[in-house]
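Examining the three-dimensional arrangement
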Amino acid sequence: MAQTPLIDKINKDVVTWRRHLHQYPELSNREFKTAQYITDHLTNLGLEVTTNIAHTGVVATLKGAKPGPLIALRADMDALPITELVMLPFASKQKGQYKGQEVGVMHACGHDAHVAILMAVASRLVAQKEQLKGSVMFIFQPAEEGAPNGEEGGAQLMLKEGLFAKRKPDAIFGLHVTNRLNTGEIGYRSGPIMASEDSFTIKVQGKQTHGSRPWHGVDPIVTSAQIILATQTIASRQVNVTQSPSVISFGAVNGGIRSNIIPDHVELVGTIRSFDQDMRADIKKRLTKTASYVAKSTGATAHTHINHGYPVTINNPELTMQMLPTLQNVVGNNNVIEMDLITGAEDFSYYALKTAGLFFFLGITPKEQDPATSASNHSPHFYIDEQALPIGVESLTSLVLNYLNTP
């Protein structure tokens, strides 16, 4: 990437900004100081800033000197309820409230890097305003990790509150740092790249009885075991595995208090992941039906409640192929890697359902380290090689310039 005094300064600034954000993280829908930090920067750049969208969201639009398309860029702002274990001079010592408990707070998913990178991109593009053939919307979004219980938040709420109401962007770009790639590498995938996410609770109601006389009651534990096994055939036998993979996992089984008491009920908690929106809807119907029919066969009942989470994150194929050379120009052809499907979920998916989207991954594991040995996102040991930050800035800046200035 070509260096100028301005780019050199911004590359230093992005590290400073990231360290500040890392040291003072805030949980979802509570990103008040983070939002003010961003707002001050955007205001100093001369941009008109709108705040308090979806609680703490910040949005600014840069109008180029010439007419043209509108591009949106998105960064997420929230941190996680994790106590940091990385020995850094700017490590987080912050505390917060999560589900009624005091917890450590850490940018263990790299959102501090996302925010700092987008702040730097704003600086770069403002400096090139006279060359821009179009406009750029900078979206700093809260609550990507999920709003607190009983609250709305994130991308879905920003859209609900009219983010794209006045003018829908022609395209939207976003990046996510990842330990799976080394610094200097970029990961992408055309079409579905990240899974949808839906959590569920199945309440199995039986009839309590003494453990020595199970025939006097209805055993919800045995019924639950049968439900768990039966639902695994949804992904393996009932949906078309050649079309798209899917996962149904149980993360908790709660029921019973004593060895010789068959309990009255059992609660099952789990998650569904899919890479196809139609298949996603079909799996949810099959899960409910399977649980109900298995329970009925044992004399029990099963009530399934599904919390509908993030959709599939889909990279627009035409946009991806159009912008792939831009990413290759930034890091080199051999360093732009087509990634496998990722079963994690992202609420960038909501934007990509509204307009053409491209979401890609920025490697942040030091070049000398094998990514397989590095701490993953959401780990208290998660570490970002800061040499990756300027690459993120250059990537997003180049995507905007090439998109807007292509005839």
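Per-chain numbering applies: the sequence of each chain, read as written, is numbered from 1 onward. With pLDDT at 70 or above as the cut-off, local features in this predicted model cover only qualifying residues; side-chain atom pairs require 80 or more to be listed or tallied, and sums for whole chains, interfaces and linings still use all residues. Each side-chain value is derived from all of the structure's non-hydrogen atoms; neither hydrogens nor water enter the calculation.

Each helix corresponds to a stretch of at least 4 residues labelled H or I by DSSP, and each strand to a stretch of at least 2 residues labelled E; elements are numbered beginning at the N terminus. A count of helices and strands for the chain gives nine helices and 18 strands. Restricting the calculation to C-alpha atoms gives the radius of gyration, and the globule rule supplies 2.2 Å times the number of residues raised to the power 0.38. Since a compact globule built from 407 residues should have a radius of gyration of about 22 Å, the 24 Å found for the chain is in line with a globular shape. Along the first, second and third principal axes, the C-alpha atoms of the chain reach 80 × 45 × 45 Å. In the chain, buried positions account for 54% of the 407 residues. Burial classification: accessible surface area is computed with a 1.4 Å probe over protein chains only, and a residue below 20% of its type maximum counts as buried, one above 50% as exposed, and the rest as partly exposed.

Summarising the element assignment, Thr 34 is placed in helix H2 (residues 32-44). Looking at Thr 34, the relative accessible area reads 3%, which means it is buried. Among all residues touching Thr 34, those that are not within four sequence positions of it are Leu 21, Tyr 24, Glu 26 and Met 77. Note on contacts: a residue pair qualifies if any of its non-hydrogen atoms lie within 4.5 Å across the two residues.

In this section: the packing of helix H7 (residues 317-331) against helix H9 (residues 389-404). When two helices pack together, their arrangement is given by the angle between their axes and by how far apart the axes lie. A fitted line through C-alpha atoms represents every axis, and for helices the fit uses only the stretch in contact; the resulting angles, taken between N-to-C directions, go from 0 to 180 degrees. Here H7 crosses H9 at 135°, and the two axes come no closer than 9 Å. It follows that H7 is oblique to H9 by the angle criterion. Between H7 and H9 lies a crossing whose hand is right-handed. For the pair H7 and H9, the contacting residues are Leu 319, Gln 322, Met 323, Thr 326, Leu 327, Val 330 and Val 331 in the first and Ile 391, Glu 394, Ser 395, Ser 398, Leu 399, Asn 402 and Tyr 403 in the second. Taken together, the residues that form the contact of H7 with H9 break down as eight nonpolar, five polar and one charged. When describing relative orientation, an angle under 35 degrees is termed roughly parallel and one over 145 degrees roughly antiparallel, while 65 to 115 degrees is termed roughly perpendicular and anything else oblique. Each crossing gets its hand from how the near helix is turned against the far one by less than a right angle, where anticlockwise is left-handed and clockwise is right-handed. Residues are grouped as follows: Ala, Val, Leu, Ile, Met, Phe, Trp, Tyr, Cys and Pro are nonpolar; Asp, Glu, Lys and Arg are charged; every other residue, Gly included, is polar.

This paragraph deals with the packing of aromatic side chains. Two rings from Phe, Tyr or Trp (for Trp, the six-membered ring) form a pair when their centres are within 6.5 Å of each other. A pair whose planes differ by under 30 degrees is stacked, one over 60 is edge-to-face, and the rest are tilted. Summed over the entire model, instances satisfying the criterion amount to seven aromatic pairs. Arranged with centres 6.3 Å apart and planes meeting at 75°, the rings of Phe 173 and Tyr 403 form a pair that is edge-to-face. Here the residue Phe 173 occupies a position in strand E7 (residues 171-182), and Tyr 403 occupies one in helix H9, the gap between them amounting to 230 residues. Since its relative accessible area comes to 16%, Tyr 403 is described here as buried. Consider the rings of Phe 348 and Phe 359, whose centres lie 4.8 Å apart with planes at 35°: the pair is tilted. With Phe 348 in helix H8 (residues 348-354) and Phe 359 in strand E18 (residues 356-365), the pair connects residues that are eleven residues apart, well separated along the chain. For the pair shown, Phe 348 and Phe 359 are each scored as buried.

Before going further, it helps to examine unusual backbone geometry. Of note in the backbone geometry, Lys 99 takes a positive phi value of approximately 50° without being a glycine. With respect to the helices and strands, the residue Lys 99 is situated in the loop between strand E4 (95-98) and strand E5 (101-104). Judged by relative accessible area, Lys 99 falls into the exposed class, the value being 62%. Within the chain, His 378 stands out as a residue other than glycine whose phi angle is a positive 80°. Among the secondary structure elements, His 378 is positioned in the loop between E18 and H9.

Attention now moves to the packing of helix H3 (residues 111-127) against H9. The N-to-C vectors of H3 and H9 enclose an angle of 50°; their axes lie 9 Å apart at closest approach. Taken together, the axes of H3 and H9 lie oblique to each other. The way H3 lies across H9 gives a crossing that is right-handed. Contacts between H3 and H9 involve Ala 113, Ile 117, Ala 120, Val 121, Arg 124 and Leu 125 from the first element and Leu 389, Gly 392, Val 393, Glu 394, Leu 396, Thr 397, Val 400 and Leu 401 from the second. A class-by-class count of the residues in the contact of H3 with H9 yields ten nonpolar, two polar and two charged.

Here we take up helix H1 (residues 5-23). For H1, with 19 residues, the first-to-last C-alpha span of 28 Å sits near the 27 Å given by 1.5 Å per residue. The secondary structure elements touched by the buried residues of H1 are H2, H3 and H9. What a helix is expected to span follows from its residue count: subtract one and scale by 1.5 Å.

The next point concerns the pairing of E5. At least two DSSP bridges between two strands are required for those strands to pair. When E4 meets E5, the two strands line up antiparallel, connected through four bridges. Bridging from a neighbouring strand, Gly 96 pairs with Val 103 of E5. Connecting the antiparallel pair E4 and E5 is a turn made up of two residues, with Lys 99 showing a positive phi of about 50°.

Two strands in a sheet stick together by hydrogen bonds in their backbones, pointing the same way (parallel) or opposite ways (antiparallel). Judged by pairing direction, the sheet is antiparallel, and its four strands sit side by side in the order E12-E14-E10-E15 without closing on themselves. Each end of this open sheet is capped by a strand with a single partner; those strands are strand E12 (246-254) and strand E15 (301-308). When strand polarity is set aside, the average angle formed by the axes of neighbouring strands in this sheet is 20°. In this structure, strand E10 (residues 196-205) lies alongside strand E14 (residues 265-274), joined through ten bridges in antiparallel fashion. Along E14, the bridge assignment pairs Glu 197 with Arg 273. Against the sheet, helix H6 (residues 277-298) contacts E10, E12, E14 and E15, and its axis sits at roughly 160° relative to E15.

Tracing the sequence through the fold places Gly 309 in the loop between E15 and strand E16 (313-315). C-alpha of Gly 309 to C-alpha of Ala 295: the two residues are 14 residues apart in sequence and 26 Å apart in space. Gly 309 has contacts with Glu 197, Asp 198, Arg 280 and Tyr 350, leaving out every residue within four places of it along the chain.

This part covers the pattern of salt bridges. Opposite charge on two side chains allows them to pair when their charged atoms are near. A pairing counts as a salt bridge when a side-chain nitrogen of Lys or Arg comes within 4 Å of a carboxyl oxygen of Asp or Glu. Under the definition given, this model contains 13 salt bridges. Salt-bridge contacts for Asp 13 lead to Lys 9; the nearest nitrogen and oxygen are separated by 2.7 Å. A residue pair is termed a helical-turn pair when its members lie 3 or 4 positions apart in one helix, as Asp 13 and Lys 9 do in helix H1 at four residues. When the shortest N-O distance is used, the salt bridge between Asp 198 and Lys 284 registers 3.6 Å. Pair noted here: Asp 198 is in strand E10 and Lys 284 is in helix H6, with a separation of 86 residues, a long-range link. Among the residues examined, Lys 284 registers a relative accessible area of 13% and is labelled buried. The structure contains a network of salt bridges with shared partners spanning Arg 18, Arg 19, Asp 112 and Glu 386.

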